[in-house]
Amino acid sequence: MLAILGVLTISALLFLVMAKKASPVVAMILVPIVTGLAGGLGLEMFEYITQGIIAIAPTGVMFIFAILFFGILTDTGTFRPIINAILKIAGNDPAKVAVGSAIIAMTVHLDGSGASTFLVAVPAFLPVYDQLNMKRSTLACIVALAAGTMNILPWGGPTIRAASALNITVTELFNPMLIPVLAGLITVLIIAFLLGKKERNNEIRELVNMPIQETSSELERPKLFWVNISLIIIAVGTLVSGIAPPHIIFMIAFTIAISLNYPKLKDQAQRVNAHSKAVVLMVGILFAAGFFIGIMKGSGMIEAMAEAAVLHIPDWVGNHLPVIIGITSMPASLLFDPDSFYFGIVPILSSTATHFGGDAIEVGRAAIIEQMTTGFPVSPLTGATFLLIGLTGVDLGSHQRKTIPYAFLVSIIILIFSLLFGAITF
């Protein structure tokens, strides 16, 4: 019953959001309430909701102050010289800019955090995309593909979960996947180039050879350029080092940035108000996601779906289970959170593979190709997805329709190379 209820809940959410019948906030709050009541849940839902919101609260706080931090630095004109340098190197070529945004996202994601990747790559490149009249959905797609593929690295959450679930080391799990992952990253760069080339073809012709306009305003602080750049480097460096939680880092960074650039209280209030709309809209989505995930996990719907999925696997697929997992685990990111999948489904799938004469470790490798790796930046079950679409200003349905086919393609390329190099056997 819970499994069916969970499938109905996820299906209703995806339909309402992707068909644009309801906003993500409305859908994520109303849908689980309706299905929860239909499934016999009562006052206990309040506890589930509270736990879900508490779990996502640090991400919400981080988003608030990260947006304010980067917003303040944008107001000061900190990114103007950087934008001009990128445009000079790219020669106003959207294809080169697209590839550049992919490389930056890959580099930043070395820390394994999707949130920090989006918080660094998107604010830096969004003005460039706007300057060249490139679609923001293209930026969201490219950054998602880059971060998702990099999430397969040994210190990425999915790989650590898979290794823990199978009781093996991450090197045993990942090392044979090195070449396939590199092939996936190259595929992402090719996709970025092609998307950029398409933007080039659709570009407004008058913009191609235009010099970069050096407009300025009273808000800009060119004399504090190196101070502001140092703030960014210190904030991002601290973020990557893991010395402190992201929400604390950005709270402190924002406080320093606004105090140095706008010491007058009146100016500070104006700058905060200028960015408050984006903050409120996105934080609303993040906490609605906590509301949704809280009911789904607390009620046991996600766990029930995981168990039902395993029970209904027919025996004839056993001999090719890793390949089937490699094909289906990206769409599974839309249905299962990583903990439920890796700790609930993967151990049983690996045992099933062993029963049919397969290698349990190959199930883990197949899973990390897609489940919450290439699939995490499009999943409604992760706060990072909403962070990405909030930063780019793209709605969830449009982002999923554009990105999912490319994410699936990257996953298939990684799977093919895994088969070719023996990381997974057919």
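Just so it is clear, the structure is predicted and the values come from calculations on it, not from any experiment. (Residues numbered from 1 in each chain as written. Predicted model: local features only at pLDDT ≥ 70, side-chain atom pairs only at ≥ 80, totals over all residues. Heavy atoms only, no water.)

### A few points about the overall build of the chain
1) Next: Tallying secondary structure elements over the chain gives 19 helices and 0 strands in all.
2) Next: Each of the three principal axes of the chain carries a C-alpha extent, and together these read 70 × 55 × 40 Å.
3) Next: For the chain, with 426 residues in total, the buried portion stands at 53%.
4) Next: Sequence-distant contacts in the chain: of pairs separated by 6 or more residues, those separated by 24 or more amount to 81%.
5) Next: Here the chain has roughly 18200 Å² of accessible surface; of this, 69% comes from carbon and sulfur atoms. (Helix = DSSP H or I, 4+ residues; strand = E, 2+ residues; numbered from the N terminus. Buried < 20%, exposed > 50% of the residue type's maximum accessible area, 1.4 Å probe, protein only. Contact = heavy atoms within 4.5 Å. Areas by Shrake-Rupley, 256 points an atom, 1.4 Å probe, with all protein chains shown as cover.)

### A closer look at the nonpolar core
1) Next: Residues Phe69, Phe118 and Phe386 are the most contacted members of the largest nonpolar core, which totals 133 residues.
2) Next: When sequence neighbours within four positions are dropped, the list of residues in contact with Phe386 reads Pro24, Met28, Met282, Ile285, Leu286, Ala289, Pro380 and Leu396. (Core = buried A, V, L, I, M, F, W, Y, C linked by side-chain atoms within 4.5 Å.)

### Focus: the environment of Leu182
1) Next: Summarising the element assignment, Leu182 is placed in helix α10 (residues 178-202).
2) Next: The exposure class of Leu182 is partly exposed, given its relative accessible area of 44%.
3) Next: In this structure, the C-alpha to C-alpha distance between Leu182 and Ile414, residues 232 residues apart in sequence, is 8.4 Å.

### Notes on the packing of helix α6 (residues 114-131) against helix α18 (residues 383-392)
1) Next: Look at α6 against α18: their axes get within 10 Å of each other, and the N-to-C directions meet at 10°. When the axes of α6 and α18 are compared, the pair comes out roughly parallel. Residue-level inspection shows Ala115, Phe118, Leu119, Val122 and Leu126 of α6 in contact with α18, the latter providing Ala384, Leu387, Leu388, Leu391 and Thr392.
2) Next: When the residues that make up the contact of α6 with α18 are grouped by side-chain class, the tally is 9 nonpolar, 1 polar and no charged. (Axes fitted to C-alpha atoms, helices over the stretch in contact; angles between N-to-C directions. Parallel < 35°, antiparallel > 145°, perpendicular 65-115°, else oblique. Nonpolar A, V, L, I, M, F, W, Y, C, P; charged D, E, K, R; others polar.)

### Description of the packing of aromatic side chains
1) Next: Tallied over the full model, the rule gives 7 aromatic pairs.
2) Next: Plain terms: the ring middles of Phe69 and Phe250 are 6.0 Å apart, the flat faces sit at 55° to each other, and that makes the pair tilted. Placement of the pair is Phe69 in helix α3 (residues 44-75) and Phe250 in helix α12 (residues 246-261), with a sequence separation of 181 residues.
3) Next: Judged by relative accessible area, which is 0%, Phe69 ranks as buried. (Phe/Tyr/Trp six-rings, centres within 6.5 Å; stacked < 30°, edge-to-face > 60°.)

### As for the pattern of salt bridges
Two side chains that carry opposite charge are able to pair once their charged atoms sit near each other.
1) Next: Counting across every chain of the model gives 2 salt bridges.
2) Next: The partner of Asp75 in a salt bridge is Arg271, with the nearest N and O atoms 2.9 Å apart. With Asp75 in helix α3 and Arg271 in helix α13 (residues 265-298), this residue pair connects regions lying 196 residues apart in the sequence. The pair Asp75 / Arg271 is uniform in exposure class, with both members buried.
3) Next: With a closest N to O distance of 2.8 Å, Arg136 and Asp130 form a salt bridge. (Salt bridge = Lys/Arg side-chain N within 4 Å of Asp/Glu carboxyl O.)

### Examining unusual backbone geometry
1) Next: Positive phi is not limited to glycine here, since Asn133 has a value of about 60°.
2) Next: Note that Asn133 resides in the loop between α6 and α7 (136-150).

### Some points on a nonpolar patch on the surface
1) Next: On the surface, Val227, Ile248, Met251, Ile252, Ile256 and Leu260 cluster together to form a nonpolar patch covering roughly 460 Å² of accessible area.
2) Next: Sort the elements by how many residues they give to the nonpolar patch and α12 lands first, with 5 residues.
3) Next: Following the sequence through the fold, Val227 ends up in helix α11 (residues 225-241). (Patch = residues over 30% accessible without salt bridge, like charges linked within 9 Å, V, L, I, M, F, W, Y side chains within 5 Å.)

### Some points on the environment of Val34
1) Next: Turning to its location among the elements, Val34 is positioned in helix α2 (residues 24-38).
2) Next: Here Val34 falls in the exposed class, since its relative accessible area comes to 55%.
3) Next: When the C-alpha positions of Val34 and Thr9 are compared, they lie 8.8 Å apart, and in sequence the two are 25 residues distant.

### Some remarks on the confidence of the model for the chain
1) Next: In this model, the chain carries a mean pLDDT of 83, and residues with pLDDT of at least 70 account for 91%.
2) Next: Within the chain, the lowest mean pLDDT, 69, falls on helix α4 (residues 80-90), and the highest, 94, falls on α7.
3) Next: Across residues 204-213 the pLDDT falls below 50, and counting only partners more than four positions away or on other chains, this stretch makes 14 contacts in the model. (pLDDT = per-residue confidence, 0-100.)

### Quick word on the packing of α7 against helix α19 (residues 396-420)
1) Next: It is the contact of α7 with α19, at a shortest axis distance of 10 Å, that shows an interaxial angle of 30°. Looking at the two axes, α7 sits roughly parallel to α19. The way α7 lies across α19 gives a crossing that is right-handed. Judged by residue contacts, Ser137, Thr138, Ala140, Cys141, Ala144, Leu145 and Thr149 of α7 engage His399, Lys402, Thr403, Tyr406, Ala407, Val410 and Ile414 from α19.
2) Next: Grouping the amino acids of the contact of α7 with α19 by side-chain chemistry returns 8 nonpolar, 5 polar and 1 charged. (Left-handed = near helix turned anticlockwise from the far one by under 90°.)

### Topic: helix α17 (residues 360-374)
1) Next: In this model, α17 (15 residues) spans 22 Å end to end at C-alpha, consistent with the 21 Å of a helix rising 1.5 Å per residue.
2) Next: At Ala367, α17 shows its largest kink, close to 40°.
3) Next: With respect to burial, α17 is a largely interior element, 14 of its 15 residues being buried. (Expected span 1.5 Å × (residues − 1). Bend = angle between axes of the 7 residues up to and from the residue.)

### Observations concerning the environment of Glu303
1) Next: Mapped onto the elements, Glu303 comes out in helix α14 (residues 301-311).
2) Next: Separated by 301 residues in the primary sequence, Glu303 and Leu2 have C-alpha atoms spaced 8.7 Å apart.

### Looking at the side chain of Ser411
1) Next: Of note, Ser411 is situated in helix α19.
2) Next: A residue is classified by how much of its surface remains accessible, and Ser411, at 0% relative accessible area, is buried.
3) Next: Other than its neighbours up to four places away in sequence, Ser411 contacts Met330, Ile369, Glu370 and Thr374.

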